[in-house]
Amino acid sequence: MLKKVIIAGGGTGGHIYPAIAIGRGLKNRFPDAEILFVGTERGLENDLVPKAGFTLKKIRAKGFKRKLTLDNLITIKEVIMGGIESLILLKKEKPDLVIGTGGYVAGPVVFFAALFNIPTFIHEQNVKPGVTNRILSRFVDKIAVSFSDSIKYFPQEKVVVTGNPIRPEIVSADRMKALKELDLDPEKPVILSFGGSQGARRINEAMMDLIERIGDESSFQLFHITGQKNYEEFIQKLENKGINPRTLGNIKIRPYVYDMHNAIAAADLVISRAGAITIAELTAAGKPAILVPLPTAADRHQDYNANLMKKNGAAVVVKDWDLSGEKLHSIIRDLVFDRERLQKMSAASKSLGKPDALDRILDEIILLLN
Ligand SMILES: CC(=O)N[C@H]1[C@@H](OP(=O)(O)OP(=O)(O)OC[C@H]2O[C@@H](n3ccc(=O)[nH]c3=O)[C@H](O)[C@@H]2O)O[C@H](CO)[C@@H](O)[C@@H]1O
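Cut-offs applied
Residues numbered from 1 in each chain as written. Predicted model: local features only at pLDDT ≥ 70, side-chain atom pairs only at ≥ 80, totals over all residues. Helix = DSSP H or I, 4+ residues; strand = E, 2+ residues; numbered from the N terminus. Rg over C-alpha atoms; globule rule 2.2 N^0.38 Å. Buried ≥ 20, exposed ≤ 12 C-beta atoms within 10 Å, placed from the backbone. Pairing = 2+ DSSP bridges. Right-handed = clockwise from strand over helix to strand, strands pointing away. Contact = placed C-beta atoms within 7 Å. Axes fitted to C-alpha atoms, helices over the stretch in contact; angles between N-to-C directions. UniProt positions renumbered as here; feature names shortened; annotations may be inferred. Near = placed C-beta within 6 Å. Domains from an automatic or database assignment. Core = buried A, V, L, I, M, F, W, Y, C linked by C-beta atoms within 7 Å. Left-handed = near helix turned anticlockwise from the far one by under 90°. Nonpolar A, V, L, I, M, F, W, Y, C, P; charged D, E, K, R; others polar.

## Side note on the overall build of the protein
Logical step 1: The helix and strand inventory of the protein stands at 15 helices and 13 strands.
Logical step 2: Against the 2.2 N^0.38 benchmark of 21 Å for 370 residues, the protein shows a C-alpha radius of gyration of 21 Å, consistent with a compact globule.
Logical step 3: Projected onto the principal axes, the alpha-carbon positions of the protein cover approximately 65 × 45 × 35 Å.
Logical step 4: With 370 residues in all, the protein has 46% of them scored as buried.

## Remarks on the pairing of strand S6 (residues 142-145)
Logical step 1: Here four bridges tie strand S5 (residues 120-124) to S6, and the two strands are oriented parallel to one another. Bridging across to S6, His123 finds its partner in Ala144.
Logical step 2: Note that the unit made of S5, helix H5 (residues 131-136) and S6 has a crossover that is right-handed.
Logical step 3: Across three bridges, S6 lies against strand S7 (residues 159-161) in parallel orientation.

## Topic: helix H4 (residues 106-115)
Logical step 1: Among the 10 residues that make up H4, eight are buried, leaving the element largely enclosed by the rest of the structure.
Logical step 2: Those residues of H4 that sit buried are Ala106, Gly107, Pro108, Val109, Val110, Phe111, Phe112 and Ala113.
Logical step 3: On its buried side, H4 packs onto strand S1 (4-8), strand S2 (34-39), helix H3 (71-93), strand S4 (97-100), S5 and H5.
Logical step 4: With its phi angle positive at about 65°, Asn117 sits one or two positions after the end of H4.

## What about the sheet that holds strand S12 (residues 289-291)?
Logical step 1: Within the open sheet, the six strands sit side by side as S10-S9-S8-S11-S12-S13. Their pairing is parallel. At either margin of the open sheet sits one strand with a lone partner, and together these are strand S10 (251-254) and strand S13 (315-317). On average, each strand axis in the sheet is tilted by 15° relative to the strand beside it, whichever way the strands run.
Logical step 2: Of the pairings in the sheet, the one linking S12 to S13 comprises three bridges and is parallel in character. Each residue of the ladder has a partner; that of Ile290, found in S13, is Val316.

## Thoughts on the UniProt feature "domain: Glycosyltransferase family 28 N-terminal" (unreviewed entry) in the protein
Logical step 1: Per the UniProt record, "domain: Glycosyltransferase family 28 N-terminal" (unreviewed entry) is found at residues 5-144.
Logical step 2: Each end of residues 5-144 is marked by a C-alpha atom, and these two atoms are 17 Å apart; helix forms 45% of the span and strand 19%.

## Comments concerning the site of the ligand
Logical step 1: The environment of the ligand is made up of 25 residues, and the closest members are Thr12, Gly14, Gly196, Gly275 and Ile277.
Logical step 2: Sorting the residues of the shell around the ligand by element identifies helix H1 (13-29), helix H11 (276-285) and helix H12 (301-311) as the ones contributing at least two each.
Logical step 3: A domain-level breakdown of the shell around the ligand finds at least three residues from each of domain 1 (4-165 + 356-369) and domain 2 (169-352).

## Some remarks on the sheet that holds S7
In a beta sheet, neighbouring strands are held together by backbone hydrogen bonds and run either parallel or antiparallel to one another.
Logical step 1: Spatially, seven strands are ordered S3-S2-S1-S4-S5-S6-S7 in an open sheet, and the strand pairing comes out parallel. Each end of this open sheet is capped by a strand with a single partner; those strands are strand S3 (55-58) and S7. Here the average twist between neighbouring strands, direction ignored, is 25°.
Logical step 2: Two strands pair when backbone bridges link them, and S2 and S3 are joined in this way by four bridges, in the parallel orientation. Bridge assignment links Val38 to a residue of S3, and that residue is Lys57.
Logical step 3: Each of S1, S2, S4 and S5 is contacted by H1, which is oriented at about 170° to S2, the strand it contacts most.
Logical step 4: The strands touched by H4 are S1, S2, S4 and S5; relative to S4, the strand with the most contacts, the crossing angle is about 145°.

## Re the nonpolar core
Where a protein is soluble and globular, its nonpolar side chains tend to be buried together.
Logical step 1: Judged by nonpolar contacts, the single largest core of 100 residues is most densely connected at Val109, Val110 and Ile264.
Logical step 2: Split by domain, this core shows at least three residues from each of two domains, domain 1 (4-165 + 356-369) and domain 2 (169-352).
Logical step 3: Look past the residues within four positions of Val109 in its chain and what remains in contact with it is Ile6, Ala8, Val38, Ser86, Val98 and Gly100.

## Remarks on the packing of H1 against helix H15 (residues 357-369)
Logical step 1: The interhelical angle for the contact between H1 and H15, taken along N-to-C directions, is 65°, at an axis separation of 10 Å. As for the relative orientation of H1 and H15, their crossing is right-handed in sense. Mapping the contact onto sequence places Ala21, Ile22, Gly25, Leu26 and Arg29 in H1 and Leu358, Ile361 and Leu362 in H15.
Logical step 2: Class assignment for the residues of the contact of H1 with H15 results in six nonpolar, one polar and one charged.

Put into structure tokens, the structure is as follows:
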């Protein structure tokens, strides 16, 4: 019955991973359906969508600066071009469902689909909705949100609370298998650190400082992801400090990890930003965390995510300005060998998880189509 679906969303992993999860879920339920993704030339979708086995169509899209700048004139042109490209795409592909997961690129595709009376569905990952979804909410048929606190931002009659969809492997991954695949020692605690889908300069600096402090002698293992763009610089800086990253036994450094389910499954403790999908994954897997919310995230929504974890006993929160290798070292020392406390934090984390979010979203989509 479902022949063709367009899923538009992009920019950062926070919009793309949910799109891929929904795409895979739809493919499982409707094996004959064709699923097309729409993104831009620049976003992380160019890497992630083809890797997930889906076709990516590209259109132009750009966001307006909040201030009056010359750049906004270029944006007007891009928005018009993106609109035309969306129209052409919808006319050509004739989808019977269009889904938006946020990011500027979702704007024109979902808007014109709604105008053409194609069933439309959007998903919001954060408590405070992004600008694209806020505008689209007036035109679409159904809105899935991840937190009940988001309902108030949208037309009530269209909203359902589903949670953030995550890759099913995040829940099903096996710890021992993961340790083996990542070449980690099962006898020593593992600390996974990363800064969201693009890496975080502040977390990298603190990890560099931590590595300098503890050297390779540590009684725990570090698995640090720098972000693709920061990797070379990170390695270079380590070398400048006389540390050879290739000979480190307890410390592994990676630019990006595609099998994040293994990295999360292997971890006893996670250090990260507090992006919505990261939180959804950590809670689905029941992982304790040290969270450093990104202070510049729109409406400070990462503070909200991090505080929710802290309030429930699942995480320790460190302010971005207060982050240092020394600070991390002292929290890690307190936590990582305190099995009882870690277990309590894990249970708290797990209790916040919504591992069935994807199924709920798929059920809502089917209801909409019927
Ligand atoms: C800077 C910025 O705009 N951040 C926003 C962005 O975060 P960002 O794009 O970082 O997204 P999230 O933290 O929500 O999710 C990161 C995703 O990347 C994955 N991952 C990360 C590193 C890696 O090596 N491999 C890998 O697969 C994680 O497993 C996770 O699935 O979107 C989120 C959801 O809209 C928002 O809450 C964040 O505030």
